[in-house]
Amino acid sequence: MKLTARILCVLLVCCFLFVACDQAPATNPGTNAATGTQAGTVATTEEPTEEGNFVPVEGLGFGGEDFVILVPVSAPGGWAQFFDFTATELNEDPVNDANYERLQKMKELYNVNIYSVETPSKNMATDVTNAHNAGNNPYGLVHIELTVVPALAQKGYFVDLNTIESMDLTNPWYTQSAVKQLSIANKLYYTLGDFSTVDNDGIAAMCFNKEMIEEGQLTSPYEYIDNNEWTIDNFYSLCKGFSNDLNGDGKLDVANDRFGYLTAKSSMAGQLVSCGVQVVSKDENDYPIAVLSSTRNIDAVAKVYEMYVDDTTVMHVENMTGIPGGVSSWAYGNNMFMEGRLMFRQTSLFRIIQTRQSEIEFGVIPYPKLDSDQENYAHTFSSATPVVCIPKTAEDPEANGAVIEALSYYGRTILRPAYYDRVLMGLVARDEESQEYLDLIFDTADYDLGYVLDASNMLNLFGNLVTNKSNTFASDWATKEEAFKQKLQDFVDAFESDL
């Protein structure tokens, strides 16, 4: 951590108790955070654990003032719901109570009242821009969608987190793949981790019907995973031939029949991520490089495309008809799965949580690799995945960074056990294998800059192949590649300049 002098002082006094700054000077709400040291106030290192080393900032106090976090509008019935900073009382819900405890810890630690507000205009980009231009930002932090934030960062609206001494980005409460992948030219304006649980809900995952595997006397995905054979070919072979016209009307429909795999056309992009297909890599100077046109990637696109256009095996949510009114295609997919009419379904952890009332035996598994030579699994993010930023107009970015660090630390030690171990492990993952693979899924979240900086076009690029049932990937990408490379260079130029 960069606060070396402070840490050494803390260690020398050998204190492991923190006395909150109850009498610290008052501060203005949001970004106007005072950091004056008060006599009798001591900040010390909490006892180090295997999960990292949290070092509070000495003398930091907010005088009991409000610290406001701007968040997107929660999606009614959807996974992107922002309740991480809204718990005002205990109600015996494990996650709510853990959130409440975390907020109380922040009051004890920095004498600060943390809460969040939804974007007033219903548009994060508009409100962030207006607050920046006004110069008197009412928000201490911005919790913003990952595919919205790059354009705002490019305009200089946020602080480079690598310059914030009160944050140690090597700690495990920051998602390390995000820290590494989201930086450009060694500057990082947004990241994620245990600060929030919302990003966990949006991570891509897969679940399968264990009873159907057993009834068909098929090889279990667990066995394939254990033998490093969980590949797109073996996955396809399990799904193939499973779709069945149960009502005998001569056609496959979602209201009556069963399918080997439920996914979406646009999800071909996420399937390719799991196959190790990179759109953007980095050079030794942390500059992004477009690598999508490699031979391996072209071969992977062809293999996944072959599966995605097989209408006898795969059902795409875009093609679902006959769904009861008021039910989304993804929600209805949950119903199909719980009725035992899907062998596999591509989904997010939020949707898997919704299946916990199901009576069928199911397992949670990672997406398959391209082949056994692929070293790591990979799991893509949702376009609504939120990241945290410090506004450039913050009066004291170090104080704001200290809030991120503490909320993330308490998120790791207080909130994560409630969300992950008790909710996911205890209610969703019904066997030891699924619990193990949840660890793997979280640890292999992938934040390819190709999707972060150009998400809609990249999703459409692959989705259109499935819609048109023509693998024109090589020629389609050839027409976009130079413009895409220029876009990467524009970000490098902006991030290297004095934003």
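Just so we're clear, the structure is a prediction, and the values are computed from it rather than from any experiment.

We now examine the overall build of the protein chain. Broken down by element type, the protein chain carries 17 helices and 11 strands. Sorting the 499 residues of the protein chain into buried and exposed places 56% on the buried side. Of the contacts formed within the protein chain by residues at least 6 apart in sequence, a portion of 75% connects residues at least 24 apart. For the protein chain, the accessible surface area stands at approximately 20100 Å², while carbon and sulfur atoms represent 47% of it.

On to helix α12 (residues 329-338), then. An α-helical segment advances 3.6 residues per turn. Residues three or four places apart therefore align on the same side. Within α12, the full set of buried residues consists of Ser-329, Tyr-332, Gly-333, Asn-334, Met-336 and Phe-337. Buried residues in α12 make contact with β4 (204-209), β5 (259-263), β9 (342-348), α13 (349-353) and β10 (362-365). With its phi angle positive at about 80°, Gly-340 sits one or two positions after the end of α12.

Taken in spatial order, the four strands make up an open sheet running β2-β1-β3-β11, and their pairing is mixed. Only two strands of the sheet have a single neighbouring strand rather than two, namely β2 (113-118) and β11 (386-389). Averaged over all pairs of adjacent strands, the angle between their axes in this sheet comes to 25°, without regard to strand direction. Where strand β1 (residues 66-71) lies against β2, six bridges are found, and the strand directions are parallel.

The strand order β8-β5-β9-β4-β10 describes an open sheet built from five strands, whose pairing is mixed. Each edge of the open sheet is held by one strand with a lone partner, namely β8 (314-316) and β10. Ignoring strand direction, the axes of neighbouring strands in this sheet form an average angle of 20°. Note that β5 and β9 share three bridges and pair parallel.

Glancing now at the nonpolar core. Buried together is how nonpolar side chains tend to be arranged in soluble globular proteins. Of all hydrophobic cores here, the largest spans 154 residues; its most connected members are Tyr-190, Phe-344 and Phe-462. Here the element with the most residues in this core is helix α14 (residues 397-428); it accounts for 13 residues.

This paragraph deals with the pattern of salt bridges. One side chain can pair with another of opposite charge once the charged atoms of both are near each other. Enumeration over the complete set of coordinates arrives at eight salt bridges. Arg-412 is the partner of Asp-194 in a salt bridge, and the nearest nitrogen-oxygen pair spans 3.2 Å. Of this pair, Asp-194 sits in the loop between α5 (176-181) and α6 (198-202) while Arg-412 sits in helix α14, and the two are 218 residues apart along the sequence. For Asp-194, a relative accessible area of 11% gives the class buried. A residue is classified by how much of its surface remains accessible, and Arg-412, at 16% relative accessible area, is buried.

Attention now moves to a negative patch on the surface. On the surface, a cluster of negative charge is contributed by Glu-223, Asp-226, Glu-229, Asp-421, Glu-432, Glu-433, Glu-436, Asp-439 and Asp-443. Looking at the negative patch, the elements with two or more residues in it are α8 (221-226) and α15 (432-443). Of all the elements, α15 adds the most residues to the negative patch, at five residues. Within the secondary structure layout, Glu-223 lies in helix α8.

Another aspect to go through is the packing of helix α9 (residues 232-239) against helix α11 (residues 295-308). Interaxial distance between α9 and α11 falls to 11 Å at its minimum, and their mutual angle equals 10°. Relative to α11, the element α9 lies roughly parallel. Taking contact as the criterion, the partners of Ile-232, Asp-233, Phe-235, Tyr-236 and Cys-239 in α9 are, on α11, Lys-303, Val-304, Glu-306 and Met-307.

The subject of this paragraph is the packing of aromatic side chains. Under the criterion given, the structure shown has 22 aromatic pairs. Arranged with centres 5.9 Å apart and planes meeting at 90°, the rings of Phe-62 and Phe-67 form a pair that is edge-to-face. Owing to a relative accessible area of 1%, Phe-62 belongs among the buried residues under this scheme. Judged by centre distance (5.7 Å) and plane angle (40°), the rings of Tyr-222 and Tyr-437 are tilted. Residue Tyr-222 is found in helix α8, and its partner Tyr-437 is found in helix α15; the two are separated by 215 residues along the sequence. Comparing Tyr-222 with Tyr-437, the two get one shared label, buried. In this structure, Arg-258 packs its charged tip against the face of Phe-242, placed 4.1 Å from the ring centre.

A word on the pairing of β1. When you tally the buried positions in β1, you get five out of six residues, the bulk of the element. Direction of pairing for β1 relative to strand β3 (residues 141-145): parallel, over a ladder of two bridges. Bridge assignment links Ile-69 to a residue of β3, and that residue is Leu-141.

Let's shift gears to unusual backbone geometry. Positioned with a positive phi, Ala-185 is a non-glycine residue whose angle comes to about 55°. As for its placement among the helices and strands, Ala-185 is situated in the loop between α5 and α6. Backbone geometry at Asn-186 places phi at a positive 65°, although glycine is not the residue there. Within the secondary structure, Asn-186 is located in the loop between α5 and α6.

About the criteria used
- Residues numbered from 1 in each chain as written.
- Predicted model: local features only at pLDDT ≥ 70, side-chain atom pairs only at ≥ 80, totals over all residues.
- Heavy atoms only, no water.
- Helix = DSSP H or I, 4+ residues; strand = E, 2+ residues; numbered from the N terminus.
- Buried < 20%, exposed > 50% of the residue type's maximum accessible area, 1.4 Å probe, protein only.
- Contact = heavy atoms within 4.5 Å.
- Areas by Shrake-Rupley, 256 points an atom, 1.4 Å probe, with all protein chains shown as cover.
- Pairing = 2+ DSSP bridges.
- Axes fitted to C-alpha atoms, helices over the stretch in contact; angles between N-to-C directions.
- Core = buried A, V, L, I, M, F, W, Y, C linked by side-chain atoms within 4.5 Å.
- Salt bridge = Lys/Arg side-chain N within 4 Å of Asp/Glu carboxyl O.
- Patch = residues over 30% accessible without salt bridge, like charges linked within 9 Å, V, L, I, M, F, W, Y side chains within 5 Å.
- Lys, Arg positive; Asp, Glu negative; His and termini not counted.
- Charge placed at Lys NZ, Arg CZ, Asp CG, Glu CD.
- Parallel < 35°, antiparallel > 145°, perpendicular 65-115°, else oblique.
- Phe/Tyr/Trp six-rings, centres within 6.5 Å; stacked < 30°, edge-to-face > 60°.
- Lys NZ or Arg CZ within 6 Å of the ring centre and 35° of its normal.

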